[in-house]
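Single-letter residue listing:
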Amino acid sequence: MNADVAVEKTSAIPLWNDPTASATARVDALIGAMTLQEKTAQLYGVWVGASDEGGEVAPHQHDMEEAVDLDALLPAGLGQLTRPFGTVPVDPALGALSLARTQSRIAATNRFGIPAVAHEECLAGFAAWGATAYPVPLSWGATFDPDVVRRMAAAIGRDMRSVGIHQGLAPVLDVVRDARWGRVEETIGEDPYLVGTIGTAYVQGLESAGIVATLKHFAGYSASRAGRNLAPASVGPRERADVLLPPFEMAIREGGARSLMNAYTDTDGMPAAADESLLTGLLRETWGFEGTVVADYFAIAFLKTLHGVATDWADAAGTALRAGIDVELPNVKTYGAPLTEAVADGRIPEELVDRAVRRVLTQKVALGLLDPDWDPVPAALDGADPDDPAALRGRIDLDGPENCALARALAEEAVVLLGNDGTLPLAAPRRIALVGPNADEGTAVLGCYSFPQHIGVRHPGTPLGIELPTLRETLAAEFPDAEITYARGTGVDDGDLSGFDEAARVAREADVALVVLGDRAGVFGRGTSGEGCDAESLALPGAQQHLLDALLDLDTPVVTVLLAGRPYALGRAVEESAAIVQSFFPGEEGTHAIAGVLSGRVNPSGRLPVGVPRGPGSQPGTYLGARLAHASRASSIDPTPAFAFGHGLSYTRFDWTDLAVEVQEAPTDGEFAFSFTVRNTGGRSGTEVVQLYLHDPVASVVQPVQRLVGYTRAALEPGEARRLSVKVPADVASFTGRDGRRVVEPGELEVRLAASSADPRLTARVVLTGAERRVDHTRRLHVTIVQEPLTT
């Protein structure tokens, strides 16, 4: 396929197009040849939507921005194209053609032939019509399996790259501090080590496919007061350093992330978008980050409109540029004419523009966008005829069998069995009552950034683009000999009580009642979970708890099933449900995974990435708290969760025995060593998730009672045992000391080998010796765990 408009080439190519020259030389030459307007043009994006007819993209009119005139902008160039596939439903092949034609136009219109970086959302899959909807990040955390997340991210990246996308706005590395926050579903969990390791695996997978991974939201977004979106963050420097920042540090250092997005929030009066000490001092000067910092959508304008720290658009631009934000997204607002004029009249130094454009162009060089053989046509359209768009429709499958198998594998690992009195797995029930608002709703498995929930809801006449079998449908296939009777009972949040009698009737006549509750994902008030959908309490939305209680009053065993974006208090169900199955928006294959757990086809191995509260008002709360954050006689409120971080049951049993501490004392720059045995003593194969928690009894500053420092999944056949050998470097015991610097202190420690944060099985008591030692971002981050078969 030939692009509609070819970029002129000459035999003597300019230095910036010479792939044999260094990136530095190429970028220096290009910046030296650019006008101020051409430089600033590389620092903003334009929000567009691809054409479903294969024509050029059209600017998207957002209610927070003025209309954009592409004809006026493009002669100076363009830095980014915002969400070409994720703005309106478009056939992937025609969207790819539309993007290719637009890139040809962009390159042909500016003097240097520079195309734009095209970015997309990819929080739980490529956010495009017809693309696989994978489980949300909270489910990634529930797997405690970086490898499956890495493989998922690589698949997402390959799909994005195949149609011409360069950058993905994921993963979210915010650590949950208050489960009332609407974006909990987008996070990986409440522990920084879990968030860091799973998030880093996602970055590695996405980057392996050539997609620029964008870490977000840097930093403090999830710590907003009362869990309200964009509210100020009430955190001190130590909580920020030891809880909120480590996942970003790990993903940059070990994941190779090439981009980062600022948080909307302010911390102690300083908006992240204006924080030079954060975006330049820590990120670049200390951690050595060399990629691009992109603005969360409208964040630079928010410095004026929401934060009140800028007088006008030029002041907002200068503030953000000085802090270290390189690219304004989603549209040009402050980095266009206001920035150009402010530089021209001396209010903003041109050196700040040059610094940002250097980073942007260096990334474009790395992506091959300045090479003489650059082709706007993506791999998925190789050999296609651009003059026959109708023949292209349906050519690209973004939800193929390999994707579906991967989505199911991840969903199966993410289902958490919270409680079980032996009712599960269901043994050939004759009559099943299926009750609840999420029992017969296909979209109940999707998060707020899935295409159907984020964009598709605004296009009700358009097909979903993917198969979303309801739990009612998958249960019928899972239990073909059972009579399944359905009653909705109530809606997710409508408070309707009129269906209670029907629900009670079908439950009385059944051998078991499956009550399927939870959330509806949406954005800005359209859902009970998602961006801008914060909760006042952690009570189940609407009348769902009342429905659950009414069914618990009956003699029929009740199995509570949750399809949700956050953990909810379950009241009486904690003690009275025959079983509780928790799933966090498990994606398009999620109902198959849940049905498999209910039947026993799948032995559950998921573990909670966030604790499940006992009461609806015990927030903010997290297992990662100091002694006074836990239950005590000093307060009448008991924040102890009903089910703790890391909890999850199996259909088999595991014994942990024979702890041997080989190295009990180590210097503050050494490591401990110990080993122990895990054996499957049940009657079927299963996976135990071994978790290591560090307890520091005495420290110079208050520490959490315990914190996760390592984990591994051990898949064992009945009777099989593994010997796990563990090495714990002293560095993982480090924390931010009294002077604000990270230290390893001598003294006694406990390494708790546990099935959850509330279920320690073995404890290794060790001692650090010698002098206090300072460490930095180059410290060792991981415990080493080696599994070896144990012969009997």
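What counts, and where the lines are drawn
Residues numbered from 1 in each chain as written. Predicted model: local features only at pLDDT ≥ 70, side-chain atom pairs only at ≥ 80, totals over all residues. Heavy atoms only, no water. Helix = DSSP H or I, 4+ residues; strand = E, 2+ residues; numbered from the N terminus. Buried < 20%, exposed > 50% of the residue type's maximum accessible area, 1.4 Å probe, protein only. Contact = heavy atoms within 4.5 Å. Areas by Shrake-Rupley, 256 points an atom, 1.4 Å probe, with all protein chains shown as cover. Pairing = 2+ DSSP bridges. Axes fitted to C-alpha atoms, helices over the stretch in contact; angles between N-to-C directions. Core = buried A, V, L, I, M, F, W, Y, C linked by side-chain atoms within 4.5 Å. Phe/Tyr/Trp six-rings, centres within 6.5 Å; stacked < 30°, edge-to-face > 60°. Lys NZ or Arg CZ within 6 Å of the ring centre and 35° of its normal. Expected span 1.5 Å × (residues − 1). Polar contact = N/O pair within 3.5 Å; in protein donor to acceptor, adjacent residues only side chain to side chain. Salt bridge = Lys/Arg side-chain N within 4 Å of Asp/Glu carboxyl O. Parallel < 35°, antiparallel > 145°, perpendicular 65-115°, else oblique. Left-handed = near helix turned anticlockwise from the far one by under 90°. Nonpolar A, V, L, I, M, F, W, Y, C, P; charged D, E, K, R; others polar. Disulfide = S-S within 2.5 Å.

A.B. asks: Would you mind showing me how to read the overall build of the chain here?
C.D. replies: Along the chain, the regular secondary structure elements total 22 helices and 28 strands. Oriented by its inertia axes, the alpha-carbon framework of the chain measures out at about 80 × 65 × 55 Å. Here the chain holds 792 residues, and 63% of them are scored as buried. Pairs at least 24 apart in sequence give 79% of the contacts found in the chain among residues at least 6 apart. On the chain, roughly 27,800 Å² of surface is accessible, and the fraction owed to carbon and sulfur atoms is 49%.

A.B. asks: Quick question: what am I supposed to make of the sheet that holds strand β12 (residues 431-435) here?
C.D. replies: Within a beta sheet, neighbouring strands are joined by backbone hydrogen bonds and run either parallel or antiparallel to one another. Strands sit in the order β11-β16-β15-β14-β12-β13 across an open sheet of six strands; the sheet is mixed. Both outer strands of the open sheet, β11 (416-420) and β13 (483-487), are each paired with one neighbouring strand and no more. Sheet twist, expressed as the mean angle between neighbouring strand axes with direction ignored, is 20°. In terms of strand pairing, β12 meets strand β14 (residues 512-518) through four bridges, oriented parallel.

A.B. asks: For this particular structure, what's the right way to read the nonpolar core?
C.D. replies: For soluble globular proteins, nonpolar side chains are generally found buried alongside one another. Counting 197 residues, the largest nonpolar core has Phe126, Tyr202, Phe218, Leu260 and Tyr335 as its most contacted members. Not counting chain neighbours up to four residues away, the residues in contact with tyrosine 202 comprise Cys122, Trp140, Val149, Met152, Ala153, Ile156, Ala170 and Pro171. Counting 33 residues, the second-largest nonpolar core is a separate cluster that includes Ala411, Leu475, Ala482 and Val561.

A.B. asks: Whenever I open this one, the environment of valine 88 confuses me. Can you help?
C.D. replies: You can see valine 88 is positioned in the loop between β3 (80-82) and α4 (92-109). It is 62 Å that separates the C-alpha atoms of valine 88 and glycine 770, two residues lying 682 residues apart in sequence. Not counting residues up to four positions away in its chain, the partners in contact with valine 88 are Ala50, Phe451, Ile455 and His459.

A.B. asks: Quick question: what am I supposed to make of the side chain of glutamate 249 here?
C.D. replies: Tracing the backbone shows glutamate 249 in helix α9 (residues 246-253). The exposure class assigned to glutamate 249 is buried, which follows from its relative accessible area of 8%. The residues contacting glutamate 249, other than those within four sequence positions of it, are Trp287, His777 and Arg779.

A.B. asks: Just checking my understanding: could you explain the packing of aromatic side chains for this structure?
C.D. replies: Two aromatic rings are characterised by how far apart their centres lie and by the angle between their planes. A complete count under the given rule lists 17 aromatic pairs for this structure. On the basis of an interplanar angle of 75° and a centroid distance of 6.1 Å, the ring pair of tyrosine 193 and tyrosine 711 is categorised as edge-to-face. With tyrosine 193 in helix α7 (residues 192-208) and tyrosine 711 in strand β21 (residues 707-716), the pair connects residues that are 518 residues apart, well separated along the chain. Among the aromatic residues, those joined into a cluster by ring pairs are Trp47, Trp181, Tyr221, Tyr264, Tyr297, Phe298 and Phe302. The lysine or arginine in question, lysine 216, covers the ring of tyrosine 449, its NZ or CZ lying 5.8 Å from the ring centre. One residue, lysine 304, lies across the ring of tryptophan 313, its end atom 4.8 Å from the ring centre.

A.B. asks: Looking at this model, I keep getting lost on helix α16 (residues 401-414). Mind explaining?
C.D. replies: Side chains three or four residues apart in an α-helix point the same way, a direct result of the helix having 3.6 residues per turn. Given a rise of 1.5 Å per residue, 14 residues ought to cover 20 Å, and the 20 Å separating the end C-alpha atoms of α16 matches this to within 8%. Residues of α16 that are buried: Asn403, Cys404, Leu406, Ala407, Leu410, Ala411, Glu413 and Ala414. In this structure, the buried side of α16 is in contact with α5 (137-143), α6 (146-162), β11, β16 (579-584), α22 (590-599) and β21.

A.B. asks: Quick question: what am I supposed to make of unusual backbone geometry here?
C.D. replies: As a rule of thumb, non-glycine residues mostly have phi less than zero, and peptide bonds are mostly trans rather than cis. With an omega of -5°, the peptide bond between phenylalanine 218 and alanine 219 qualifies as cis. If you trace the backbone, alanine 219 turns up in the loop between β6 (212-218) and α8 (237-244). In this chain, leucine 424 is followed by proline 425 through a cis amide linkage whose omega measures -5°. The backbone phi angle of aspartate 268 is positive, close to 55°, even though this residue is not glycine. Structurally, aspartate 268 can be placed in the loop between β8 (266-267) and β9 (270-271).

A.B. asks: Got a minute to help me understand the sheet that holds strand β10 (residues 292-294) in this structure?
C.D. replies: One open sheet holds the eight strands; their spatial order is β2-β1-β3-β4-β5-β6-β7-β10, and the pairing between them is mixed. Only two strands of the sheet have a single neighbouring strand rather than two, namely β2 (58-59) and β10. Two elements, strand β1 (residues 45-49) and β2, share two bridges in a ladder whose sense is antiparallel. Counterpart to valine 48 in the pairing with β2 is proline 59. Set on the sheet, α7 makes contact with β5 (167-168) and β6; between it and β6 the angle comes to about 150°. Sitting on the sheet, α9 is in contact with β6 and β7 (259-262), with an inclination near 165° to β6.

A.B. asks: What exactly am I supposed to notice about the side chain of threonine 214 here?
C.D. replies: Tracing the chain through its elements places threonine 214 in strand β6. Residue classification places threonine 214 among the buried residues on the basis of a relative accessible area of 0%. Side chain to side chain, threonine 214 and glutamine 167 meet in a polar contact 2.9 Å long. Aside from chain neighbours lying at most four places away, what touches threonine 214 is Gln167, Gly168, Leu169, Ala170, Pro171, Ser259, Leu260, Met261 and Val294.

A.B. asks: Help me understand the pattern of salt bridges in this model?
C.D. replies: In a structure, side chains of opposite charge can pair up when their charged atoms sit close to one another. Taken as a whole, this structure holds 46 salt bridges when the rule is applied. Aspartate 440 is the partner of arginine 472 in a salt bridge, and the nearest nitrogen-oxygen pair spans 3.2 Å. Here the residue arginine 472 occupies a position in helix α18 (residues 471-478), and aspartate 440 occupies one in the loop between β12 and α17 (451-454), the gap between them amounting to 32 residues. According to the relative accessible area criterion, arginine 472 is partly exposed, its value standing at 33%. Judged by its relative accessible area of 31%, aspartate 440 is partly exposed.

A.B. asks: Would you explain the packing of α7 against α9 in this entry?
C.D. replies: For any two helices packed against each other, the geometry comes down to the angle between their axes and how far apart the axes lie. Two elements in contact, α7 and α9, have axes whose closest approach is 8 Å; the angle formed by their N-to-C orientations is 30°. Classified by the angle between their axes, α7 and α9 sit roughly parallel to one another. Note that α7 runs across α9; the crossing there is right-handed. Packed against α7, whose contacting residues are Pro192, Tyr193, Val195, Gly196, Thr197, Thr200 and Val203, the element α9 presents Pro247, Met250 and Ala251 at the interface. Taken together, the residues of the contact of α7 with α9 break down into seven nonpolar, three polar and no charged.

A.B. asks: Quick question: what am I supposed to make of the environment of lysine 727 here?
C.D. replies: Counting through the fold element by element, lysine 727 comes out in strand β22 (residues 721-729). On the accessibility criterion, lysine 727 (43% relative accessible area) is partly exposed. Note: C-alpha distance between lysine 727 and valine 663 (64 residues apart in sequence) is 9.0 Å. Non-local contacts of lysine 727, meaning those with residues more than four positions away in its chain, are made with Glu671, Phe672, Ala673, Val783 and Thr784.

A.B. asks: Looking at this structure, how should I read the packing of α18 against α22?
C.D. replies: At their nearest, the axes of α18 and α22 sit 9 Å apart, and the two run at 45° to each other. Here α18 lies oblique to α22, going by the angle between them. The hand of the α18/α22 crossing is right-handed. For the pair α18 and α22, contact is made by Leu471, Thr474, Leu475 and Glu478 and by Thr591, His592, Ile594, Ala595, Gly596, Leu598 and Ser599, respectively.

A.B. asks: Sorry if this is basic, but what is going on with the pairing of β1 here?
C.D. replies: Residues in a regular strand point their side chains to alternate faces of the sheet. Counting buried residues in β1 gives five out of five residues, a clear majority hidden from the surface. Summarising the sheet, β1 and β3 pair through three bridges and their orientation is parallel. Across the sheet, residue tryptophan 47 finds its bridge partner in β3, namely threonine 82.

A.B. asks: What should I look at first to understand the state of the cysteines in this one?
C.D. replies: A covalent bond between the sulfur atoms of two cysteines is what we call a disulfide. Scanning the model with the defined rule gives zero disulfides in all. With no disulfide of its own, cysteine 122 has cysteine 448 as its nearest cysteine by sulfur position, at a separation of 14 Å. Considering cysteine sulfurs only, cysteine 122 is the nearest to cysteine 404, which forms no disulfide, with 18 Å between them. Owing to a relative accessible area of 18%, cysteine 404 belongs among the buried residues under this scheme.

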